[in-house]
Every structure is written in C-alpha cells, then in structure tokens.
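What follows is each chain in one-letter form.
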Amino acid sequence: MSTKTEPINLRWAQGQVYSSKKRFRVLVAGRRFGKSYLSCVELLRGAINRPGETFFYCAPTYRMAKDIAWRALKKLVPKVWIHTKNETDLRIELINGSTIELKGTENAMALRGRSLSGVVLDEAAFMDSEVWFEVIRPALADKEGWALFISTPDGTASWFYDLWCYVPEDETKEWQRWSYTTIEGGNVSKHEVEAARAQLDSRTFRQEFEASFENLT
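Residues numbered from 1 in each chain as written. Predicted model: local features only at pLDDT ≥ 70, side-chain atom pairs only at ≥ 80, totals over all residues. Heavy atoms only, no water.

Caption draft 1: Up close: the sheet that holds strand S4 (residues 91-94). With mixed pairing, the eight strands of this open sheet are ordered in space as S3-S4-S5-S2-S6-S7-S1-S8. For this open sheet the edge positions go to strand S3 (82-86) and strand S8 (175-180), each flanked by a neighbour on one side alone. Recorded for the sheet is a direction-independent mean angle of 10° between the axes of neighbouring strands. Relative to S8, strand S1 (residues 24-29) runs parallel, the two being bridged by six bridges. Across the sheet, Phe24 pairs through a bridge with Trp175, a residue of S8. (Pairing = 2+ DSSP bridges. Helix = DSSP H or I, 4+ residues; strand = E, 2+ residues; numbered from the N terminus. Axes fitted to C-alpha atoms, helices over the stretch in contact; angles between N-to-C directions.)

This is the structure:
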C-alpha cells in the first residue's frame, strides 16, 4: 500500500468555494463533484492555520464519514505533519496541536460540549436540522469558527433548502452560496452524464446531476 501523500489539486469550481473568505459557505453540487475531497482540503487548511484547535468533518453516519473521507484525509496530510492518528475514533492530531475529527451525526447529542474552530457538514441535506442549530452552531461561538455546508439536494421540504434560501444571491457579510452541476465539477465526462440522463427520470437526474432542488414525490 502506498504511503505517499497526494498534492492538493482543486478543479475550477472547487477553487471558487475554497478561495472565498466568508465564514459560512453553502455548496449545492451534483454527484461526483468532488465535495468530500474539497471538505478534506478545507479542514487541513483550517488545522494548519489555527494551531491547537479542533475541526470536525460531519457526515450523516459514522460509516459514511469513514468510507467517504477518512482515506482521502490520510492521503492529504503529510506523515511528517501527523503527531498521532486514531483509526477507531477517526482522529488525526497534527504536530501543531490541531486535531481533525470525523463524526457521524446519527446521534447528534453525543457531539455536544465541544469547542470548534471549523466544521464541514458533508451531505448536510440528509442530516437532522438539530445537528446544525442545536449542536454545531453553538460549538462555533466562542472561537467564532467557520462552517462549510456541502450536499446534493434532497427536495424543498428540508432545512437545508431553507438554509440555501436564507443566503441571498448577492451574498452577505458572512454568508455565500454556490450551485454546481456534476459536469462543472470536472470529474465526470459529459458522455457519462448523458448516459445517466437516458436511464433516470428527469426529476431524479436534475437532482442528482444538476444540483436542482426537486420534489420527487
């Protein structure tokens, strides 16, 4: 098994989100956009820039956090930067004292009580609203930490859609939002996307590949 770290290589659309200085960012994107890779890059940057602080990557379940982001994160972080690594807790402590922890939100209350300097909510549309409003948002308060919400859509009857609507298109002092299709992510060919279009019903295709908020029922 290779132990080499991977160079950071962001596509154009990912770079638009990465280069933003806003404290709270909301990204709606099609499947295979590269959302989880961008998440890991964001967390690594945060941990480097703020020594001694704690950063969370949150997925709807612990299993998803491990399957989606753990391997990518380990490849990104150079071994010489790692002080300790815990495979069970999905936790990496850097030599500067910062920690990156991967969490599942199926038991959101178990995450209470932590002080966070930054968090990524990956596939946020598939989490309960209490994860953000009752757990993560208060945890960011004392450090004035940042948050990145990333997800494919899950209809218009969800807290994530309400959050998307809360952020105006002309941005605010602290908030910014983006919407990118699978094609714009640059990781999937146009031919493959068109093949998927031919097999899926139109509303499912728009949701999964064009990042459109659809009511599928």
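Caption draft 2: Up close: the nonpolar core. Core analysis: the biggest nonpolar cluster contains 31 residues, and Leu27, Tyr57, Leu73 and Leu102 have the highest contact counts within it. The element best represented in this core is helix H2 (residues 35-49), accounting for six residues. When sequence neighbours within four positions are dropped, the list of residues in contact with Leu27 reads Val17, Phe33, Leu38, Phe149, Ile150, Ser151, Phe160, Trp178 and Tyr180. (Core = buried A, V, L, I, M, F, W, Y, C linked by side-chain atoms within 4.5 Å. Buried < 20%, exposed > 50% of the residue type's maximum accessible area, 1.4 Å probe, protein only. Contact = heavy atoms within 4.5 Å.)

Caption draft 3: Quick peek at the pairing of strand S5 (residues 99-104). With six of its six residues buried, S5 lies for the most part within the structure. Judged by which residues are buried, S5 turns out to be covered on both faces: Thr99, Glu101 and Lys103 on one side and Ile100, Leu102 and Gly104 on the other are all buried. Two strands pair when backbone bridges link them, and strand S2 (residues 54-59) and S5 are joined in this way by six bridges, in the parallel orientation. In the strand pairing of S5, Phe55 is matched with Ile100. Sheet analysis places S4 next to S5, joined by three bridges and oriented antiparallel. Paired with Arg91 across the two strands is Glu101, which belongs to S5. Connecting S4 to the antiparallel partner S5 that follows it, the hairpin turn spans four residues, and Gly97 within it adopts a positive phi of roughly 95°.

Caption draft 4: Representation of the packing of aromatic side chains within the structure. Taken as a whole, this structure holds 14 aromatic pairs when the rule is applied. Between the aromatic rings of Phe160 and Phe213, the centroid separation amounts to 6.2 Å while the plane-to-plane angle is 40°, which identifies the pairing as tilted. With Phe160 in helix H5 (residues 159-166) and Phe213 in the segment after helix H8 (202-210), the pair connects residues that are 53 residues apart, well separated along the chain. The same class applies to Phe160 as to Phe213, namely buried. Ring centres of Tyr166 and Trp175 lie 5.5 Å apart, and the angle between their planes is 80°; on these two criteria the pair is classed as edge-to-face. The exposure class assigned to Trp175 is buried, which follows from its relative accessible area of 10%. Members of the aromatic cluster, connected to one another through ring pairs, are Phe24, Trp132, Phe133, Phe149, Trp159, Phe160, Tyr161, Trp164, Tyr166, Trp175 and Phe213. Over the aromatic face of Trp146 sits the side chain of Arg25, whose NZ or CZ is 5.9 Å from the ring centroid. It is Arg177 that lies over the ring of Trp164; its NZ or CZ is 4.1 Å from the centre. (Phe/Tyr/Trp six-rings, centres within 6.5 Å; stacked < 30°, edge-to-face > 60°. Lys NZ or Arg CZ within 6 Å of the ring centre and 35° of its normal.)

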